[in-house]
Amino acid sequence: MKKKKNVAGIFFGSLLRAFVVIGAFVIIALGVIIVKQVISDGGKKPSSGSSTSNYADGQRDELLTAEQKKQQADADEKKDDEKKKDDDKKTITGNINYNAPVVVLNGTQTPGLAGEWVNRLKDAGFTNVQPGNYFSETTGTKVYSSDGSGAALTELFKDAESVTGMIDQVETDMPLSDGQIVVVISKSDDVLSN
């Protein structure tokens with residue numbers, strides 16, 4: 001026996017078929033949109049945690065330019081730091097014996113300053129350099145030598161004075177003798193605090 005369809009059954013059956021057909025069209029349309037987006041992005045996947053860009057092409061270019069500017073600024077800052085370090089590494093133009101014994105005395109309250117200058121002098125080519133402490137106050141960096149042989153060494157410091165003789169008057173914990181060059185570092189050449 002055949003069941004008779006009533007009006008409500010026909011209506012809801014047609015409505016269900018219409019939803020299925022509309023849903024199929026929506027799925028196809030979304031698929032086309034996704035394929036177009038993938039093709040226009042060159043097949044690039046968005047990075048994790050990000051979604052497709054909501055920026056117009058011009059805005060994306062501005063963002064890239066801002067990032068590139070930041071990278072350039074960082075690179076310029078790095079170059080400036082390297083240039084400053086190179087400026088700190090001065091060379092001696094005068095005649096000096098790089099094998100002469102040199103004693104570097106810390107005339108500041110900055111721990112390790114004499115050791116830092118010992119390393120800098122060794123980097124400059126000096127072979128016999130020792131650190132020590134200075135027991136008086138100093139108003140400026142001074143380079144002492146019994147015969148004036150340390151005068152050229154003043155070129156390595158910002159504001160150094162060459163003193164001939166008077167090595168025996170330098171107050172230090174190091175044994176000093178003629179033939180040595182004695183450098184007393186002051187605040188003006190405190191490379192660790194500046």
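The structure displayed is predicted, hence computed values, not measured ones.

Residues Val102, Val104 and Leu153 are the most contacted members of the largest nonpolar core, which totals 19 residues. Where this core is concerned, the elements lending two or more residues are strand E1 (102-106), helix H3 (113-123) and strand E5 (181-185). With five residues, H3 is the largest single contributor of residues to this core. With 10 residues, the next largest nonpolar core counts Tyr144, Ile167, Val182 and Val184 among its residues.

Relative to the helices and strands, Thr108 is located in the loop between E1 and H3. Of the polar contacts made by the side chain of Thr108, one reaches the side chain of Asn106; its length is 2.7 Å. A distance of 3.1 Å separates the side chain of Thr108 from the backbone nitrogen of Thr110, its partner in a polar contact. When near neighbours in sequence (up to four residues on either side) are disregarded, Thr108 contacts Leu113, Ile185, Ser186, Lys187 and Asp190.

Quick look at the packing of aromatic side chains now. Applying the stated criterion across every chain yields a total of three aromatic pairs. Judged by centre distance (4.7 Å) and plane angle (50°), the ring pair of Tyr98 and Phe126 falls under tilted. Pair noted here: Tyr98 is in the loop between helix H2 (57-88) and E1 and Phe126 is in the loop between H3 and strand E2 (129-133), with a separation of 28 residues, a long-range link. By relative accessible area, Tyr98 is classed as partly exposed at 29%. Above the face of the Trp117 ring, Arg120 is positioned so that its terminal group lies 5.3 Å from the ring centre.

On to the sheet that holds strand E3 (residues 141-145). Strand order across the open sheet formed by five strands is E2-E1-E5-E3-E4, with mixed pairing between neighbours. Across the chains shown, the open sheet's two edge strands, defined by having one partner strand only, are E2 and strand E4 (160-164). Geometrically, the sheet is characterised by an average inter-axis angle of 20° between neighbouring strands, direction not taken into account. Where E1 meets E2, five bridges bridge the pair, whose relative direction is parallel.

Glancing now at the pattern of salt bridges. In the structure shown here, the tally under the stated rule is three salt bridges. Across the pair Glu116 and Arg120 runs a salt bridge, and its minimum N-O distance is 3.1 Å. With Glu116 and Arg120 both in helix H3, this residue pair falls four residues apart, about one helical turn.

What follows covers H3. Along an α-helix, residues three or four apart share an orientation, since each turn contains 3.6 residues. Residues of H3 that are buried include every one of Leu113, Ala114, Trp117, Val118 and Leu121, and no others. On an axial view of H3, the arc spanned by its buried residues comes to 140°, and they lie on one face. Summarising the contacts, the buried residues of H3 are in contact with E1, E2 and E5. After H3 finishes, the residue Gly125 shows a positive phi value of roughly 115°.

Attention shifts here to a nonpolar patch on the surface. Taken together, the side chains of Phe11, Phe12, Leu15 and Phe19 define a hydrophobic patch exposed on the protein surface, amounting to about 440 Å² of accessible area. Inspection of the secondary structure puts Leu15 in helix H1 (residues 7-40).

To continue, consider the side chain of Thr154. Following the sequence through the fold, Thr154 ends up in the loop between E3 and E4. The class of Thr154 is buried, set by a relative accessible area of 16%. In this structure Thr154 touches Val143, Ala160, Glu161 and Ser162, once residues within four positions along its chain are discounted.

Cut-offs used in this document
Residues numbered from 1 in each chain as written. Predicted model: local features only at pLDDT ≥ 70, side-chain atom pairs only at ≥ 80, totals over all residues. Heavy atoms only, no water. Core = buried A, V, L, I, M, F, W, Y, C linked by side-chain atoms within 4.5 Å. Buried < 20%, exposed > 50% of the residue type's maximum accessible area, 1.4 Å probe, protein only. Helix = DSSP H or I, 4+ residues; strand = E, 2+ residues; numbered from the N terminus. Polar contact = N/O pair within 3.5 Å; in protein donor to acceptor, adjacent residues only side chain to side chain. Contact = heavy atoms within 4.5 Å. Phe/Tyr/Trp six-rings, centres within 6.5 Å; stacked < 30°, edge-to-face > 60°. Lys NZ or Arg CZ within 6 Å of the ring centre and 35° of its normal. Pairing = 2+ DSSP bridges. Axes fitted to C-alpha atoms, helices over the stretch in contact; angles between N-to-C directions. Salt bridge = Lys/Arg side-chain N within 4 Å of Asp/Glu carboxyl O. Arc of directions from axis to C-beta. Patch = residues over 30% accessible without salt bridge, like charges linked within 9 Å, V, L, I, M, F, W, Y side chains within 5 Å. Areas by Shrake-Rupley, 256 points an atom, 1.4 Å probe, with all protein chains shown as cover.

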